[in-house]
Amino acid sequence: MFFPKAGVGLGFDSTWDAGDRLIGRGWLSHDDGGKTRVLGVWAADSHRTPATLDRLANEYALREDLDASWAARPQTLLRERDAAVLLLEDPGGAPLADLLGEPMDPASFLDVAMAMTHAVGKLHQRGLIHKDLKPAHFLVAADPNRAWLIGFGIASRVPRGGDRKSTRLNSSHVKRS
C-alpha cells in the first residue's frame, strides 16, 4: 500500500483475518528511507463500507486512553482515495488465534489466561469496554505472561452517572492526508 500524500509506503509480512478487517504486521517506509515496524488494520475487501471506516476512526480516537503495556496503541489513520489503514504500534507477540488448535500445557494456558485477564482489567480501569474480544484481537508474547489487546473498533466508554448511553466516535475524527 502506498499513500503518496502522506509520503509513506506500507509492506506487510503477515496478515490475519479479524472478520470485517484484516490485520497485518510489517513495515512503514518513510520518504527519508527509514522504516518503522507497525501493525496495520484495514477493511477486508468485502467490507469496505462507511461503517468499517467509522470503526477504524473509533479505534484511532481512543489512542490516548490505551497504554502500550496492555494494548497496541494507534499511531495514525491514513486515508487516501478508496484506501484507509489504521497504523498501530507493534508490541510484538503472536495472534492468539495462531496459538489455538494444538494442546497447550496447563501452566502456559494459565499464564496466557492471566495475561489476557490483566489486559482486559486495565482496559476496564480506563473506563472502556472492548465489545469484540476474540482470538484475533489478542497478541500473546513469546513469554506468555504478556498479552496486548487490539481491535477497538466498536469499543466504547463506560457511561458515567445517570447517562446510560455509550460514547462511540465516527469518521469525522479521521485525519485526512
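Heads up: these notes are all about the structure in this document. By convention here, each chain's residues receive numbers from 1 onward along its written sequence. Owing to the predicted nature of the model, reporting of local features is limited to residues with pLDDT of at least 70; listing and counting of side-chain atom pairs is limited to 80 or more, with chain, interface and lining totals taken over all residues. The basis for the side-chain values is all heavy atoms of the structure; hydrogens and waters are excluded.

Another aspect to go through is the overall build of the chain. Under the DSSP-based scheme used, a helix requires at least four consecutive residues in state H or I and a strand at least two consecutive residues in state E, with every element numbered from the N terminus. On a plain count of helices and strands, the chain comes out with three helices and 11 strands. Along the chain, helices and strands appear, N-terminal first, in the series β-β-β-β-α-β-β-β-α-α-β-β-β-β. Residues classed as buried in the chain amount to 43% of the 177 residues present. For the area figures, the Shrake-Rupley method with a 1.4 Å probe applies, and any residue is considered shielded solely by the protein chains shown. Here the chain has roughly 9,100 Å² of accessible surface; of this, 52% comes from carbon and sulfur atoms. Between buried and exposed lies partly exposed: a residue is buried under 20% and exposed over 50% of the maximum accessible area for its type, with that area taken using a 1.4 Å probe on protein chains only.

Glancing now at the nonpolar core. L66, W70, L123, L149 and F152 are the most contacted members of the largest nonpolar core, which has 18 residues in total. Breaking this core down by element, the ones donating at least two residues are α3 (106-125), β9 (138-140) and β10 (147-149). With six residues, α3 is the largest single contributor of residues to this core. Residue contacts follow a heavy-atom distance rule, with two residues in contact if any of their heavy atoms lie within 4.5 Å. Setting aside residues up to four positions removed in sequence, L149 forms contacts with W70, A71, A72, A119, V120, L123, H130, L133, H137 and F138. We define a nonpolar core as any set of buried Ala, Val, Leu, Ile, Met, Phe, Trp, Tyr and Cys residues linked to one another through side-chain atoms lying within 4.5 Å. Core analysis: the second largest hydrophobic core is formed by 17 residues, L39, A57, Y60 and L88 among them.

Glancing now at the pattern of salt bridges. By definition here, a salt bridge exists when the distance from a side-chain nitrogen of Lys or Arg to a carboxyl oxygen of Asp or Glu is within 4 Å. Under the defined criterion, the tally for this structure stands at 10 salt bridges. Notably, a salt bridge pairs D13 with R37, separated by 3.3 Å at the nearest N-O pair. In this pair, D13 is assigned in strand β2 (residues 8-17) and R37 in strand β4 (residues 35-43), connecting sequence segments 24 residues apart. Relative accessible area serves as the criterion here: at 32%, R37 is assigned to the partly exposed category. D132 is the partner of R21 in a salt bridge, and the nearest nitrogen-oxygen pair spans 3.7 Å.

Right, let's talk about the sheet that holds strand β7 (residues 94-95) for a bit. DSSP calls a pair of strands paired once it identifies at least 2 bridges connecting them. If you trace the three strands from one edge of the open sheet to the other, you get β7-β9-β10, paired in antiparallel fashion. The open sheet has two edge strands, β7 and β10, and neither has a second partner. In this structure, β7 lies alongside β9, joined through two bridges in antiparallel fashion. Residue pairing in the sheet places P95 in a bridge with L139 of β9. To obtain an axis, a line is fitted to C-alpha atoms, over the contacting stretch when the element is a helix, and the angle between two such axes runs from 0 to 180 degrees between their N-to-C directions. Most of the contacts of α3 go to β10, to which it runs at about 40 degrees, and overall it touches β9 and β10.

What follows is about the packing of aromatic side chains. Two measures describe an aromatic ring pair: the distance that separates the ring centres and the angle between the ring planes. Each aromatic pair joins two rings of Phe, Tyr and Trp (for Trp, the six-membered one) with centres within 6.5 Å, and gets the label stacked for planes under 30 degrees apart, edge-to-face for over 60, and tilted for any other angle. Scanning all chains against the criterion turns up one aromatic pair. Measuring from centroid to centroid gives 4.8 Å for F12 and W42, while their planes differ by 35 degrees, and the two rings are tilted. One end of the pair, F12, is in strand β2; the other, W42, is in strand β4, with 30 residues separating them in the sequence. The exposure class of W42 is buried, given its relative accessible area of 9%. The ring of W27 has R37 sitting right over it, with the charged end atom 4.9 Å from the ring centre. Here, a charge over a ring means that NZ of Lys or CZ of Arg falls within 6 Å of the ring centre while also lying within 35 degrees of the ring normal.

Another aspect to go through is helix α1 (residues 50-61). An expected span of 1.5 Å times one less than the residue number is assigned to each helix. Between the first and last C-alpha of α1 there are 16 Å, a value that for 12 residues agrees with the 16 Å anticipated at 1.5 Å per step. Across the 12 residues that make up α1, a large majority, nine, are buried. Residues T52, L53, R55, L56, A57, N58, E59, Y60 and A61 constitute the buried set of α1. At its buried positions, α1 is contacted by β3 (21-30), β4, β5 (74-80), β6 (83-89) and β11 (156-157).

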